Amino acid sequence: MSLFTWKPEYSVRDVELDIHHQKLFAILNSVYENVMNSREVDHIIPKIDELSAYTCYHFSAEEQHMLEAGFPGLNEHIAKHREFTNSIEALRASYHDNDLEVSRDLIIVLGEWLLNHVIKEDRKYSEVPQ
Ligand SMILES: [Fe+2]
Ligand SMILES: [Fe+2]
């Protein structure tokens, strides 16, 4: 069962960033499936770390693309990225404390955040004349 799946209508009209978004959804789904199946902490923490590392990689690439395109509201966008990063840290802490219920809720928050962010915020970038 997938939490969220990337769809072509989520495209930001930037092939590289679309691939990043697909990968982010895939990692998040994998974390979600593992948590739902109550896999061992030792198994899930590396997945959360993978999500964290890939998120960091994606955000810096996206911010660079936006900077080059003269995207207005870049600072606000960077602040939003930070929110997501903080939630991943909270997820890692909750999972480490074996607080499964909090972990599940946080993953859903992350999934909803990512979906909304890509659709509403990242897509504003696709409207900047290139
Ligand atoms: Fe973004
Ligand atoms: Fe993004």
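Since we're looking at a predicted model, the values are computed, not measured.

**Q** Sorry, what's going on with the packing of aromatic side chains here?
**A** Aromatic ring pairs are reported here in terms of the distance separating the ring centres and the angle at which the planes meet. For the structure shown, the criterion picks out 4 aromatic pairs. Measuring from ring centre to ring centre gives 5.9 Å for Phe 59 and Phe 84, while their planes differ by 70°; the resulting arrangement is edge-to-face. With Phe 59 in helix 2 (residues 41-68) and Phe 84 in helix 3 (residues 74-96), this residue pair connects regions lying 25 residues apart in the sequence. Through a chain of ring-to-ring contacts, the aromatic side chains of Phe 59, Phe 84 and Trp 113 assemble into a single cluster. Across from the ring centre of Tyr 54, 5.7 Å away, lies the NZ or CZ of Lys 23, which sits over that ring.

**Q** Would you take a moment to explain the coordination of the iron ion (ligand 1) for this structure?
**A** Around a metal, the perfect tetrahedron of four donors has angles of 109.5 degrees, and the perfect octahedron of six donors has angles of 90 or 180 degrees. Every protein donor of the iron ion (ligand 1) is listed here as Glu 62 (OE), His 77 (NE2), His 81 (NE2), His 117 (NE2) and Asp 122 (OD), and their distances to the metal cover 2.0 to 2.2 Å. Counting along the primary sequence, the residues that act as donors to the iron ion (ligand 1) give the motif E-x14-H-x3-H-x35-H-x4-D. Overall, His 81 belongs to the buried group, its relative accessible area being 2%.

Reading guide: rules and limits
- Residues numbered from 1 in each chain as written.
- Chains lettered and ligands numbered in written order.
- Predicted model: local features only at pLDDT ≥ 70, side-chain atom pairs only at ≥ 80, totals over all residues.
- Heavy atoms only, no water.
- Phe/Tyr/Trp six-rings, centres within 6.5 Å; stacked < 30°, edge-to-face > 60°.
- Helix = DSSP H or I, 4+ residues; strand = E, 2+ residues; numbered from the N terminus.
- Lys NZ or Arg CZ within 6 Å of the ring centre and 35° of its normal.
- Donors = N, O, S within 2.8 Å, 3.2 Å for Na, K, Ca; no water.
- Buried < 20%, exposed > 50% of the residue type's maximum accessible area, 1.4 Å probe, protein only.

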